[in-house]
Every structure is written in C-alpha cells, then in structure tokens.
Amino acid sequence: MYSGGGGWRNRCHGRMETVRAGESLFRLPGEYRRKRCPDAVETVVCWATFDGEGAAPFLEGYGYPRRALRSGECPVYLFDEIAGLFAVQSPFSMRRLVSLYAELIARMGEGENDATEAGRLVNECARLIHAGYADPAFNVNRMAAELRVHRTTLDRVFRQKIRLSPIDYLIRFRLQRGLSLLAETSLPVAEVAARVGISQSGYFSRLIRRTVGMTQSEYRLARNL
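Residues numbered from 1 in each chain as written. Predicted model: local features only at pLDDT ≥ 70, side-chain atom pairs only at ≥ 80, totals over all residues. Heavy atoms only, no water.

**As for the overall build of the protein chain**
Okay, so step 1: Secondary structure summary: the protein chain contains 10 helices and seven strands in total.
Okay, so step 2: Counting over 225 residues, the protein chain shows a buried share of 44%.
Okay, so step 3: In the protein chain, the share of contacts with a sequence separation of at least 24, taken over all contacts with a separation of at least 6, comes to 63%.
Okay, so step 4: Surface exposure of the protein chain reaches about 12000 Å², of which carbon and sulfur atoms provide 53%. (Helix = DSSP H or I, 4+ residues; strand = E, 2+ residues; numbered from the N terminus. Buried < 20%, exposed > 50% of the residue type's maximum accessible area, 1.4 Å probe, protein only. Contact = heavy atoms within 4.5 Å. Areas by Shrake-Rupley, 256 points an atom, 1.4 Å probe, with all protein chains shown as cover.)

**Digging into unusual backbone geometry**
Okay, so step 1: A positive phi angle, close to 60°, is found at Arg-148, a residue other than glycine.
Okay, so step 2: Checked against the element boundaries, Arg-148 lands in the loop between α5 (140-147) and α6 (151-162).
Okay, so step 3: By relative accessible area, Arg-148 is classed as exposed at 78%.

**What to know about empty space enclosed by the protein**
Okay, so step 1: Taken as a whole and judged by the stated rule, the model has one cavity of 30 Å³ or more.
Okay, so step 2: Its volume calculated, the largest cavity comes out at about 30 Å³.
Okay, so step 3: If you trace the largest cavity, you find it lined by Tyr-77, Glu-103, Arg-107, Tyr-169, Arg-172, Phe-173 and Gln-176.
Okay, so step 4: Only α3 (91-108) and α7 (166-184) provide two or more residues apiece to the lining of the largest cavity.
Okay, so step 5: At four residues, α7 tops the list of elements feeding residues into the lining of the largest cavity.
Okay, so step 6: Each residue belonging to the lining of the largest cavity can be placed in one class, and the counts come to three nonpolar, one polar and three charged. (1 Å grid on protein atoms, 1.4 Å probe; cavity = no way out; pocket = protein on both sides within 12 Å on 5 of 7 lines; lining within 4 Å. Points joined across faces, edges and corners; volume = space filled by probe spheres on them. Nonpolar A, V, L, I, M, F, W, Y, C, P; charged D, E, K, R; others polar.)

**Examining the packing of helix α2 (residues 76-88) against α3**
Okay, so step 1: Where α2 meets α3, the axes come as close as 10 Å, and the angle between the chain directions of the two elements is 160°. Considering their axes alone, α2 and α3 lie roughly antiparallel with respect to each other. Seen from above, α2 lies across α3 with left-handed handedness. Together, Tyr-77, Leu-78, Phe-79, Glu-81, Ile-82, Leu-85, Phe-86 and Val-88 of α2 and Ser-93, Met-94, Arg-96, Leu-97, Leu-100, Tyr-101, Glu-103, Leu-104 and Arg-107 of α3 make up the contact between the two elements.
Okay, so step 2: Considered class by class, the residues forming the contact of α2 with α3 number 12 nonpolar, one polar and four charged. (Axes fitted to C-alpha atoms, helices over the stretch in contact; angles between N-to-C directions. Parallel < 35°, antiparallel > 145°, perpendicular 65-115°, else oblique. Left-handed = near helix turned anticlockwise from the far one by under 90°.)

**Regarding the packing of helix α4 (residues 117-132) against α7**
Okay, so step 1: Between α4 and α7, whose axes approach to 10 Å, the crossing angle comes to 35°. Crossing angle aside, the handedness with which α4 passes α7 is right-handed. Across the interface between the two elements, Cys-125, Ala-126, Ile-129 and His-130 of α4 pack against Pro-166, Tyr-169, Leu-170 and Phe-173 of α7.
Okay, so step 2: Tallied by class, the residues present in the contact of α4 with α7 amount to seven nonpolar, one polar and no charged.

**Some details on the packing of aromatic side chains**
Okay, so step 1: Inspection of every chain in the model, using the stated rule, returns four aromatic pairs.
Okay, so step 2: Arranged with centres 5.6 Å apart and planes meeting at 75°, the rings of Phe-158 and Tyr-169 form a pair that is edge-to-face. Here the residue Phe-158 occupies a position in helix α6, and Tyr-169 occupies one in helix α7, the gap between them amounting to 11 residues. For the pair formed by Phe-158 and Tyr-169, the shared burial category is buried. (Phe/Tyr/Trp six-rings, centres within 6.5 Å; stacked < 30°, edge-to-face > 60°.)

**So, α4**
Okay, so step 1: With 16 residues, α4 extends 22 Å between its outermost C-alpha atoms, agreeing within 8% with the 22 Å of an ideal straight helix rising 1.5 Å per residue.
Okay, so step 2: Where α4 is buried, its residues meet α3, α5, α6 and α7. (Expected span 1.5 Å × (residues − 1).)

**Points about the pattern of salt bridges**
Okay, so step 1: Throughout the structure, instances matching the rule amount to six salt bridges.
Okay, so step 2: Between Arg-159 and Asp-155 there is a salt bridge, with its nearest N and O atoms 2.7 Å apart. Residue Arg-159 and its partner Asp-155 are both found in helix α6; the two are separated by four residues, about one turn of the helix.
Okay, so step 3: Here Arg-159 falls in the partly exposed class, since its relative accessible area comes to 41%.
Okay, so step 4: Among the residues examined, Asp-155 registers a relative accessible area of 24% and is labelled partly exposed.
Okay, so step 5: With a closest N to O distance of 3.0 Å, Arg-195 and Glu-191 form a salt bridge. (Salt bridge = Lys/Arg side-chain N within 4 Å of Asp/Glu carboxyl O.)

Structure follows, in structure tokens:
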C-alpha cells in the first residue's frame, strides 16, 4: 500500500504504525490489519493485493524490513495498468500482471537508499527520468551529462542494479504514463504520446500493442467497461 498524500496509521497484530506521504507498507497474506486516517487530513492510499501458495515467499524474497518504507512518489500509473489488465482477464493480461506486481514491489524500496556510489547513481538517474520523461529530447546522453558520468558507465551500473538499461527504463516509464492518460482522459493518441515525450504516435501505438496485447482503442474500452 502506497500513501500518496497525507498519511495514515496501520494496526497489525496489536502494533500501530504511521505511514506518511511517500511511504509504503506491505502485509503478508492472512495478517490482520486495520487502517485509520487522522481527522481532517486528506489522504490518498493506493493498494493492490495478491494471494496464493507462493505469495508470502515472493514478498519476503525482497528482503524488506517490516516497517514503512521510503518509496518516493506513488507510481499511480502502475496501479492503473494493473486495474486495466484485471478488467481484460486474458491469458496475456495475467502474464503481464506478474511483471507489474514485481515492478510495483521493487519500487516500494526505491527510497531505501543504497549507500554505495552505484546505488546513489541509479537513484539519481531514476529521479532524472521521472522529472524529464515528457521532453522528447531527453535521452541517455543527457542523463549521463547531468550525472557527470560516461554513458557506458551509467548503462553498466543501471543494468547491474535493476536489470534494465536507462533507456529501457525511460521507455517503460513513458509507456506507463501514457497508458494512464489513455485510461483517464479522452485525449487523442497523438497528444497522449506527445505528453509523455514520444514524438511519433505510430511508435507509441506499437509499444501499446506489444506491451498489453491490445490497440489503444481496445485498451481504452477495456478500462472503461
């Protein structure tokens, strides 16, 4: 569960914990929990659940401490895509959901700073992508220049830490933001593409088809059923 604004308090097995904006918390299947928001404080909480025989080992395998995690900005676009795929209920959507849940859980620890030089470099690069993705001219050369490292070094360190190149991470981030806009607005596809830094709407459409197995129109329809 991510806190996107305000804050809330969570009780689990008799222990009360405060979760503030920009933090997240996970609970294992079967654990009792109860949430309470402070009076007169606007609070936004995004949450997703999954269960089954392997759910607890899957979560525990990330090695997170059992407390609120510093997670940065809530990745609303991931929750949006998860909700859209649940509405579709196709074999492809179920396979895609596995990767989205893995990304969502991995993002929970984004603010739990890796104190190594490589960890700081990856965190700074991710922040640059989140801030600059809407600019079509934003690319790995600019990232490397702003971070004052060679692009080869940046690519190598990024791959070691998150198994993606910086440019692949940027493309995924743009696509997921675009999917959120498709679901939440009636903007033309070309404008959605432009707003997320993709200058060619045809390329954006192909990305959608390759990622979610649907055209942009089919995706919109599925999200609004």
